[in-house]
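Descriptive analysis of the structure
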Amino acid sequence: MSLLVESAPVEAAIGRTPLVPLRRLGGRGAPVLVKLEGRNPGGSVKDRPALWIVQAAERRGLLRPGVRLLDASSGNTGIAYAMLCAAKGYGCEICVPATASEERKKLLRGYGAEVVITDGAEGSDGAIREARRRAAADPDRYYYADQYNNPENVRAHFEGTGVEIWEETRGRVTHFVAGLGTSGTFTGVGRRLRRCRHGVRLIAVQPDSAFHGIEGLKHMETALVPGIYDAALADATVLVRTEDAQEMAVRLAREEGLLAGPSSGANVVAALEVAAALTPAELVVTVLPDGGERYLSEVWWETNGSR
Ligand SMILES: Cc1ncc(COP(=O)(O)O)c(C=O)c1O
């Protein structure tokens, strides 16, 4: 079935985020540039895959009036879907682990989505299992977007974020560093950059343990591994402790004026570590996946003190 789909104004605001240098935190070895994904209209990098997933489903007639979009999300993709569904008039149902921040649950409801809270101890995997169960129980009611296995997730970054980074650095990027959640960002950007520059180094970031507090990231060894994950792509992996990611998020705010979340902190910890071993002729790029507003009520903002 072919549908003529009208685009919503908010779609045009997704992507083309600023790429800015770290001035005070960086300085050793190679320069580090960070892409401010919190500047997307839904507040995170996940606006990009959500847009590609929604548009592809519309083109294929899978998402249409009367069908509800369903997925599991630790929060950000859900917020992106909720924003797009609100703009386009679709129902939206998101399975979210109880541990997701209160701000995120409120944002989802703010956009009019139905929020299904799943066992916090099971993390994002519990939310995925619940979404699968719902989709299987009532397939006609839902379009199950399945961000963990949907190739549009990778495509959004291959055609969008990766191209932007290549163009914005005028082809000078030599190292790309990013944390793995669904792995869409790392895989899509990584494949694009590798196509543009043969020797580009791709460094994945993971939490150092299964029980971590870096929202949005997965510890692949112990998690439900996403279907889109390409274990052969990374040249290296940096493991980051939750406390170090949180402390770096606070330092980003206090020393660079960049209010970002803990996965941004993890990416910057890893990017600075990579950059320190390089020369000024090389160039490290990473992403700040979301802004810090969604975490301000969390205790680690207070305990990391002012500097
Ligand atoms: C805050 C945050 N950081 C990082 C990621 C990881 O991005 P990706 O799913 O593209 O691997 C996510 C994904 O949900 C996220 O919400």
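Refer to the structure presented above.
Here's a quick rundown of the structure. (Residues numbered from 1 in each chain as written. Predicted model: local features only at pLDDT ≥ 70, side-chain atom pairs only at ≥ 80, totals over all residues. Heavy atoms only, no water.)

**Details of the overall build of the protein chain**
The criterion, for reference: We count a stretch as a helix when DSSP gives it H or I for four or more residues in a row; a strand needs E for two or more, and each element gets its number in order from the N terminus. Values of the radius of gyration come from C-alpha atoms, whereas the globule rule sets the reference at 2.2 Å times the count of residues to the power 0.38. Note on definitions: a residue-residue contact is assigned when non-hydrogen atoms from the two residues lie within 4.5 Å.
The secondary structure content of the protein chain amounts to nine helices and ten strands. At 18 Å, the protein chain has a C-alpha radius of gyration in line with the 19 Å of a compact globule built from 307 residues. Along the first, second and third principal axes, the C-alpha set of the protein chain runs to 55 × 40 × 35 Å. Within the protein chain, counting contacts between residues at least 6 apart in sequence, those at least 24 apart form 74% of the total.

**A short note on the sheet that holds strand E3 (residues 68-72)**
Which entries qualify depends on this criterion: The pairing criterion is simple: DSSP has to find at least two bridges between the two strands. Working convention: axes come from line fits to C-alpha atoms, limited for helices to the stretch in contact. Angles between N-to-C directions cover 0 to 180 degrees.
The strand order across the open sheet built from four strands is E5-E4-E3-E6, with neighbouring strands paired in parallel fashion. For this open sheet the edge positions go to strand E5 (114-118) and strand E6 (142-144), each flanked by a neighbour on one side alone. Recorded for the sheet is a direction-independent mean angle of 25 degrees between the axes of neighbouring strands. In the packing of helix H2 (residues 76-88) onto the sheet, contacts are made with E3 and strand E4 (91-97), and the angle to E4 comes to roughly 170 degrees. Helix H3 (residues 102-110) rests against E4 and E5 of the sheet, and its axis sits at about 150 degrees to E5.

**Focus: unusual backbone geometry**
Most peptide bonds take the trans configuration, and most residues that are not glycine carry a negative phi. The criterion, for reference: Burial status follows relative accessibility: with a 1.4 Å probe on protein chains alone, a residue under 20% of its type maximum counts as buried, one over 50% as exposed, and anything between as partly exposed.
With phi around 50 degrees, Arg 16 is a residue other than glycine that occupies positive phi space. Relative to the helices and strands, Arg 16 is located in the segment before strand E1 (19-21). Accessibility expressed as a relative area gives 54% for Arg 16, which makes it exposed. Of note in this structure, Ser 183 is not a glycine but carries a positive phi near 80 degrees. You can see Ser 183 is positioned in the loop between strand E7 (175-179) and helix H6 (184-196).

**Focus: the environment of Leu 193**
If you trace the backbone, Leu 193 turns up in helix H6. On the accessibility criterion, Leu 193 (0% relative accessible area) is buried. Separated by 17 residues in the primary sequence, Leu 193 and Phe 176 have C-alpha atoms spaced 8.4 Å apart. Sequence-distant contacts of Leu 193, that is, excluding residues within four places in its chain, are made with Gly 162, Ile 165, Trp 166, Val 173, Phe 176 and Val 200.

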